[in-house]
Amino acid sequence: MKILSHQAHVWLVKLALNQEDIAFYNTLLDDDEKTRADKFYFPLHKTRFIAGRGQLRMILSYYMAIDPAQLLFSYTDKKKPFIANQNFPKYQFNLSHSRDQLILAITLGYMIGVDIEYAEEKSILSLSQRFFSPLEQNYLASLNSAEQLKEFYRIWVGKEALLKASGLGLTSPLNAFTIPPQITDCRLTLKDKTWFLYFFPLIPSFASALACEQNIQSISFFRLNSGPEHLKDIYF
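The shown structure was predicted, so the numbers you read here are calculated from the model rather than taken from an experiment. (Residues numbered from 1 in each chain as written. Predicted model: local features only at pLDDT ≥ 70, side-chain atom pairs only at ≥ 80, totals over all residues. Heavy atoms only, no water.)

Q: Would you mind going over the nonpolar core with me for this structure?
A: One finds Trp11, Ile59, Leu60, Ile83, Phe93, Leu104 and Ile106 to be the most contacted residues of the largest nonpolar core, which totals 30 residues. Elements with a minimum of two residues in this core: strand 1 (7-14), helix 1 (19-26), helix 3 (43-64), strand 4 (91-98), strand 5 (101-108) and strand 10 (218-224). The element that contributes the greatest number of residues to this core is helix 3, accounting for nine residues. In this view, Ile59 contacts Trp11, Val13, Leu104, Ile106 and Leu224; residues no more than four positions away in its chain are not counted. Formed by 28 residues, the second largest nonpolar core is a distinct cluster that contains Ile124, Tyr139, Leu190 and Ala209. (Core = buried A, V, L, I, M, F, W, Y, C linked by side-chain atoms within 4.5 Å. Buried < 20%, exposed > 50% of the residue type's maximum accessible area, 1.4 Å probe, protein only. Helix = DSSP H or I, 4+ residues; strand = E, 2+ residues; numbered from the N terminus. Contact = heavy atoms within 4.5 Å.)

Written out as structure tokens, the structure reads:
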């Protein structure tokens, strides 16, 4: 598969697989991944991890044209994974999962972060007071309960995607920056660096966002069946 410098590819990945598929994806994992899988106490969490890592390897192998088991990963000091294979294009990727859904975002050479969250009922205003900026808190308080739920998760995934793209993780507080209300894409500054943030609905009842250091012109969406299946494109 090919990806251009002004594009991002987003893959929708299901983690609820049958035992035959889980067994196959387990054969693709390296020793470190298998050790991590064995540390999960609950079988459901273990199978989700195997499904996610195995499909991550399979998808990346389409771009790199190598055996998925030959992919090498390393990690930043904030535990963000990156491809360690030498002499390949500088593919950047990031992934996020919620319940049995995972999304994987890929760019060519640009730092990227992605987040997906299931929009379950919570104490929205109480949580916003803990984690959101004053402007975001006031905005949420002005909405009805249905809009509060929708906008809370839009803001949340935007913040998470941006912190993951920057590599800061939760070392930077969520209330250190503000996500503008009711937008599909925007430009933000974090730690004196400009980032571009994109929101997209993928699955009912889930919120998702992508952040990148490059101004992306289009996002192409795929899912993995017997092979890559193109779903749609969004242009900016």
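The discussion continues.
Q: So what exactly am I meant to see when it comes to the sheet that holds strand 9 (residues 206-212) here?
A: Sheet strands pair via backbone hydrogen bonds, and the direction of the pair is either parallel or antiparallel. Reading across the sheet, the four strands line up as 6-9-8-7 and stay open at both edges, with antiparallel pairing between neighbours. Each edge of the open sheet carries a strand with a single partner, namely strand 6 (112-118) and strand 7 (185-190). Strand-to-strand twist in this sheet, taken as the mean axis angle between neighbours without regard to direction, amounts to 25°. Strand direction decides the pairing type here: strand 8 (residues 193-199) and strand 9, joined by four bridges, are antiparallel. Bridge assignment links Leu197 to a residue of strand 9, and that residue is Ala211. (Pairing = 2+ DSSP bridges. Axes fitted to C-alpha atoms, helices over the stretch in contact; angles between N-to-C directions.)

Q: Honestly, the packing of helix 4 (residues 124-131) against helix 6 (residues 145-166) in this entry has me stumped. Any pointers?
A: Where helix 4 meets helix 6, the axes come as close as 10 Å, and the angle between the chain directions of the two elements is 25°. Here helix 4 is positioned roughly parallel relative to helix 6, judged by the angle of their axes. Handedness of the crossing formed by helix 4 with helix 6: left-handed. Across the interface between the two elements, Ile124, Leu125, Leu127, Ser128 and Phe131 from helix 4 touch Gln148, Leu149, Phe152 and Trp156 from helix 6. Looking at the contact of helix 4 with helix 6 residue by residue, the classes come out as seven nonpolar, two polar and no charged. (Parallel < 35°, antiparallel > 145°, perpendicular 65-115°, else oblique. Left-handed = near helix turned anticlockwise from the far one by under 90°. Nonpolar A, V, L, I, M, F, W, Y, C, P; charged D, E, K, R; others polar.)

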